[in-house]
Amino acid sequence: MAKEPMLKFVNVGRDMPEKRDAGDRKEDFLEIYGDFISAKAEEQASRCSQCGVPYCQSHCPLHNNIPDWLRLTASGRLKEAYELSQETNAFPEICGRICPQDRLCEGNCVIEQSGHGTVTIGAVEKYITDTAWENGWVEGIKPHTERTESVGIIGSGPGGVAAADRLRRAGLQVTVYERSDRAGGLMTYGIPSFKLEKDVVMRRIDQLKESGVEFVLNCNVGEDISFDALREKHDAVLIATGVYKSRDLQGPGAGSEGIVAALDYLTASNKVSFGDTVAEFDSGALNAKGKKVVVIGGGDTAMDCVRTAIRQGATSVKCLYRRDRANMPGSQRETQNAEEEGVEFVWLAAPKGFAGNPVTGVMVQKMRLGTPDASGRQSPEVIEGADYVEDADLVIKALGFEPEELPKLWNADGLEVTRWGTVLADFKTHETKLPGVYACGDIQRGASLVVWAIRDGREAADAIVEQVNAAASVAAE
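My aim in this report is to walk through the structure given alongside it, one point at a time. Each chain carries its own residue numbering, running from 1 in the direction its sequence is written. With the structure being a predicted model, the display of local features is reserved for residues of pLDDT at least 70 and the display and counting of side-chain atom pairs for 80 or more, all residues being used for whole-chain, interface and lining totals. To obtain the side-chain values, all non-hydrogen atoms of the structure were used and water was disregarded.

## Thoughts on the pattern of salt bridges
Within this document, salt bridges are pairs made up of a side-chain nitrogen of Lys or Arg and a carboxyl oxygen of Asp or Glu, the two lying within 4 Å of each other. On inspection of all chains with the given rule, the structure shows 33 salt bridges. Residue aspartate 130 pairs with arginine 203 through a salt bridge whose shortest N-O separation is 3.8 Å. With aspartate 130 in helix 8 (residues 121-134) and arginine 203 in helix 11 (residues 198-211), this pair connects stretches of sequence that are 73 residues apart. Each residue gets one of three labels from its accessible area relative to the maximum for its type: buried under 20%, exposed over 50%, partly exposed in between, using a 1.4 Å probe on protein chains only. Accessibility expressed as a relative area gives 9% for aspartate 130, which makes it buried. For arginine 203, a relative accessible area of 24% corresponds to the partly exposed category. Two residues, glutamate 341 and arginine 307, come together in a salt bridge whose shortest N-O distance is 2.8 Å. Within this pair, whereas glutamate 341 is found in the loop between helix 16 (332-340) and strand 9 (344-347), its partner arginine 307 is found in helix 15 (residues 300-312), the two being separated by 34 residues in sequence. We classify glutamate 341 as partly exposed; its relative accessible area is 22%. Beyond isolated ion pairs, a larger network of salt bridges with shared partners links Lys195, Asp304, Arg307, Arg311, Glu334 and Glu341. In DSSP terms, a helix is any run of H or I states spanning at least four residues, a strand is any run of E spanning at least two, and both are numbered starting from the N terminus.

## Re the packing of aromatic side chains
Between 30 and 60 degrees the pair is tilted, below 30 it is stacked and above 60 it is edge-to-face, where a pair is any two Phe, Tyr or Trp rings, Trp via its six-membered ring, whose centres lie within 6.5 Å. Under the defined criterion, the tally for this structure stands at three aromatic pairs. With centroids separated by 6.2 Å and ring planes inclined at 80°, the aromatic side chains of tyrosine 189 and phenylalanine 274 adopt a geometry described as edge-to-face. Here the residue tyrosine 189 occupies a position in helix 10 (residues 186-189), and phenylalanine 274 occupies one in the loop between helix 13 (262-273) and helix 14 (279-282), the gap between them amounting to 85 residues. Given a relative accessible area of 6%, tyrosine 189 falls into the buried group. On the basis of an interplanar angle of 20° and a centroid distance of 5.2 Å, the ring pair of phenylalanine 227 and tryptophan 410 is categorised as stacked. You can see phenylalanine 227 sitting in helix 12 (residues 227-233) and its partner tryptophan 410 sitting in the loop between helix 17 (406-409) and strand 16 (437-439), a full 183 residues away along the chain. Residue tryptophan 410 is classed as buried on the basis of its relative accessible area, which comes to 7%. Any Lys NZ or Arg CZ found within 6 Å of a ring centre and within 35 degrees of that ring's normal is scored as a charge over the ring. One Lys or Arg, arginine 182, reaches over the ring of phenylalanine 274 and ends 4.0 Å from the middle of that ring. Sitting over the ring of phenylalanine 194, arginine 311 keeps its end group 3.8 Å from the ring centre.

## A word on empty space enclosed by the protein
Whether a set of points on the 1 Å grid over the protein atoms alone is a cavity depends on a 1.4 Å probe fitting there but being unable to get out, while an open set qualifies as a pocket with protein on both sides within 12 Å along at least five of seven lines; lining residues are those with an atom within 4 Å of a point. Grid points are joined across faces, edges and corners, and a volume is the space filled by probe spheres set on the points. Summed over the entire model, instances satisfying the criterion amount to two cavities of 30 Å³ or more. Of the volumes computed, that of the largest cavity is approximately 140 Å³. Lining the largest cavity we find 16 residues, and of these Cys60, Asn64, Cys99, Cys105 and Glu125 sit closest to its centre. Contributions of two or more residues to the lining of the largest cavity are made by helix 4 (66-74) and helix 8. A per-element tally of the lining of the largest cavity places helix 8 first, with three residues. Here the nonpolar group is Ala, Val, Leu, Ile, Met, Phe, Trp, Tyr, Cys and Pro; Asp, Glu, Lys and Arg are the charged ones; every other residue, Gly included, is treated as polar. Looking at the lining of the largest cavity residue by residue, the class counts come to eleven nonpolar, four polar and one charged. Taken as a whole, the second largest cavity holds about 100 Å³ of empty space. Around the second largest cavity, the lining comprises 14 residues; the ones closest to its centre are Cys48, Cys51, Cys56, Cys109 and Val110. Every element with two or more residues in the lining of the second largest cavity is listed here: helix 3 (55-58), helix 4 and helix 7 (110-113). Residues of the lining of the second largest cavity, tallied by class, amount to twelve nonpolar, two polar and no charged.

## Brief notes about helix 8
Counted at 1.5 Å a residue, the expected span for helix 8 with its 14 residues is 20 Å, and the 20 Å between its end C-alpha atoms agrees. Burial runs high along helix 8: twelve of the 14 residues are buried. Residues Ile121, Gly122, Ala123, Val124, Glu125, Lys126, Tyr127, Ile128, Thr129, Asp130, Thr131 and Ala132 constitute the buried set of helix 8. Phi turns positive one or two residues past the end of helix 8, at glycine 136, with a value near 75°. Multiply 1.5 Å by the residue count of a helix minus one, and that product is the helix's expected span.

## Looking at the packing of helix 13 against helix 15
The angle between the axes and the distance between the axes are what describe a pair of packed helices. Contact pair helix 13 / helix 15: the axes reach a minimum separation of 10 Å and the direction vectors enclose 45°. By the angle between their directions, the pair helix 13 and helix 15 is classed as oblique. The way helix 13 lies across helix 15 gives a crossing that is left-handed. Within the contact between the two elements, helix 13 uses Ala262, Tyr265, Leu266 and Ser269 and helix 15 uses Thr301, Asp304, Cys305, Thr308, Ala309 and Gln312. The convention used is that axes are lines fitted to C-alpha atoms, helices contributing only their stretch in contact, and that angles between N-to-C directions extend from 0 to 180 degrees. Between 65 and 115 degrees an angle is taken as roughly perpendicular, under 35 as roughly parallel, over 145 as roughly antiparallel, and anywhere else as oblique. Definitions for this section: a left-handed crossing has its near helix turned counterclockwise from the far helix by less than a right angle. A right-handed crossing has that turn clockwise. In this analysis, two residues are considered to be in contact whenever any of their non-hydrogen atoms come within 4.5 Å of each other.

## Topic: the packing of helix 4 against helix 8
The N-to-C vectors of helix 4 and helix 8 enclose an angle of 60°; their axes lie 11 Å apart at closest approach. The angle between helix 4 and helix 8 places the two elements in the oblique class. Judged by the twist between their axes, the crossing of helix 4 over helix 8 is left-handed. Each of Ile66, Trp69, Leu70 and Thr73 in helix 4 lies in contact with helix 8, whose residues at this interface are Ile121, Val124, Glu125 and Ile128. Counted by class, the contact of helix 4 with helix 8 contains six nonpolar, one polar and one charged residues.

Here is the structure:
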């Protein structure tokens, strides 16, 4: 697999110096460029206007105190900057790497809106937290008082681990049930390591383990342990499974060999990056090396797939999306990165079927945007007679994710879901109709961003703490 340029690890500005030979290790690169990176972080932070209405903060789902930790960074007070960022975000170094800042904080920076280019908020956030880890400023989780109440969390993605962090700080006993062989959910297996290095995720998982959080891996609720058993074992249960059911393709040849799901493809790549042996990768079934790759979809997962395929050595990588660039749901920054790396985007194009088995091509129908609907979004319409075939040896389906049928899988008839299949729960307390059962993240709100899952997990944890406190007060009377 191609090596990721070291510049990607530490890009805190827009004008890194000409690269010198730093070897293959991140540490070597930082030794050469460390002083420059520190200066760039302070320079970027100093550009914050400290405006009266901090739109960056209000457009952050966690409402991070961005202006103040930028001010501290600009003054060289990095430890204080980290401590402030940690108050509202359990994983600032993760959000700094993978949040779509162009749609959130940076996209609403008043400097950006005035045409002078945004402060690189995400890169500074990443830098101050990485610096905190390197200097030993990140303290372990040490509750003031240990409590006997326990919480079972189903799923170890961002919502689940954010809740675990907060619950342990409150002294509750926490057990996380994860069906994969490693914790972290999509942060571990769904996001490529060139965007989110896996040691960064594992470092936070280890911090939780050291605090007393128990992780039960390779545990599939409904098979290895029943949902009812979890409810009996714990004072509260938090459902944080995420949404993993891939939307499928239709049309002739949709089941042909060589057409794979995005999550299967990304998981195989990430397992290999951990050093695991993956038979489907070694056989080429989930490996883009030497292949003509077509990715179907326009979201962030599609961008992860096309950029992974480039790094694996695909001979060509094309992304088909049925709308135009302006209507693409994924990050524009990610799209630009993919183009710079050699990905070709085919706009207003949708699959009609597939040729060959194994697949040799995608039958593409050209589209145009029709009259806007009630929301103002234009629906794609087929242009008759404009079909053609796009050559492909590997087709990756990146059409988004839907919830699994949890009430059926878990034999939990009382667990109510919405018409979209997400768990029905209060959006403030995150409590379901089942007493003591909560839900957070994508399984409640639908496929969304890591930062929203972190917010949901923290809110759910606070509601659980309030519930056990109330129960303890009643018991004491």
